[in-house]
Amino acid sequence: MSGGFALFIIGWIVLMIGLMSIGGFFMFRKFLKRMPKEDGKSTMDWEEYYVDQTIHMWSNEQKALLEELVSPVPELFRDVAKQKIAGRIGQVALEKNSREITEDIIIEGYILATPKRDHKFLIKKLEEKQIDITPYQPLFEQ
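Residues numbered from 1 in each chain as written. Predicted model: local features only at pLDDT ≥ 70, side-chain atom pairs only at ≥ 80, totals over all residues. Heavy atoms only, no water.

A. View of the packing of helix H4 (residues 75-95) against helix H5 (residues 103-113). In contact at an axis separation of 8 Å, H4 and H5 are set at 125 degrees when each is read in the N-to-C sense. In terms of axis orientation, H4 runs oblique to H5. Here the hand of the crossing between H4 and H5 comes out right-handed. Across the interface between the two elements, Lys84, Ile85, Arg88, Ile89, Val92 and Ala93 of H4 pack against Ile105, Ile106, Glu108, Gly109, Tyr110, Leu112 and Ala113 of H5. (Axes fitted to C-alpha atoms, helices over the stretch in contact; angles between N-to-C directions. Helix = DSSP H or I, 4+ residues; strand = E, 2+ residues; numbered from the N terminus. Parallel < 35°, antiparallel > 145°, perpendicular 65-115°, else oblique. Left-handed = near helix turned anticlockwise from the far one by under 90°. Contact = heavy atoms within 4.5 Å.)

Shown next as structure tokens:
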């Protein structure tokens, strides 16, 4: 067995362990999101609930805005991000007793659903859309 072949095998083993670890990490995160909380519902159950309760409130224009706002998210994660953000937008709409999803509700829900580490991308996207972020500054602090 030559030294080059041994390095190839070792490299292959390291690559496989790395890929399996990454996959396991994402599967474990999804498992944790499916675990019921104190109220008996998981995070994903609540997201689905809010989306289901507000699905009739979305206009095509508002759906297009959400699509555009999540466009910076890598394609692989976009559907998951959209579900999480739409759930948070639905929660905001229900808390405000709104009859429709407005641009303000979308932006507020989007800010609240976005991790702080990604706020710079969010702000950049809102500025591209020429949306004034001044009224939403307190939400970035939460």
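Continuing now.
B. Representation of the pattern of salt bridges within the structure. In this structure the tally under the stated criterion is five salt bridges. Residue Lys129 is joined to Glu68 by a salt bridge in which the shortest nitrogen-to-oxygen separation is 3.4 Å. In this pair, Lys129 is assigned in the loop between helix H6 (119-128) and helix H7 (137-141) and Glu68 in helix H3 (residues 60-69), connecting sequence segments 61 residues apart. The closest approach of N and O atoms between Glu108 and Lys96, which form a salt bridge, is 2.7 Å. Residue Glu108 is located in helix H5, and its partner Lys96 is located in the loop between H4 and H5; the two are separated by twelve residues in the primary sequence. (Salt bridge = Lys/Arg side-chain N within 4 Å of Asp/Glu carboxyl O.)

C. Layout of the side chain of Glu47. Among the secondary structure elements, Glu47 is positioned in helix H2 (residues 43-54). Setting aside chain neighbours within four positions, we find Glu47 in contact with Lys33, Gln83, Lys84 and Gly87.

D. Region of interest: a positive patch on the surface. On the surface, a cluster of positive charge is made up of Arg29, Lys84, Arg88 and Arg117. Along the chain, Arg117 falls in the loop between H5 and H6. (Patch = residues over 30% accessible without salt bridge, like charges linked within 9 Å, V, L, I, M, F, W, Y side chains within 5 Å. Areas by Shrake-Rupley, 256 points an atom, 1.4 Å probe, with all protein chains shown as cover. Lys, Arg positive; Asp, Glu negative; His and termini not counted. Charge placed at Lys NZ, Arg CZ, Asp CG, Glu CD.)

No statement about biological role is implied by the geometric values presented.
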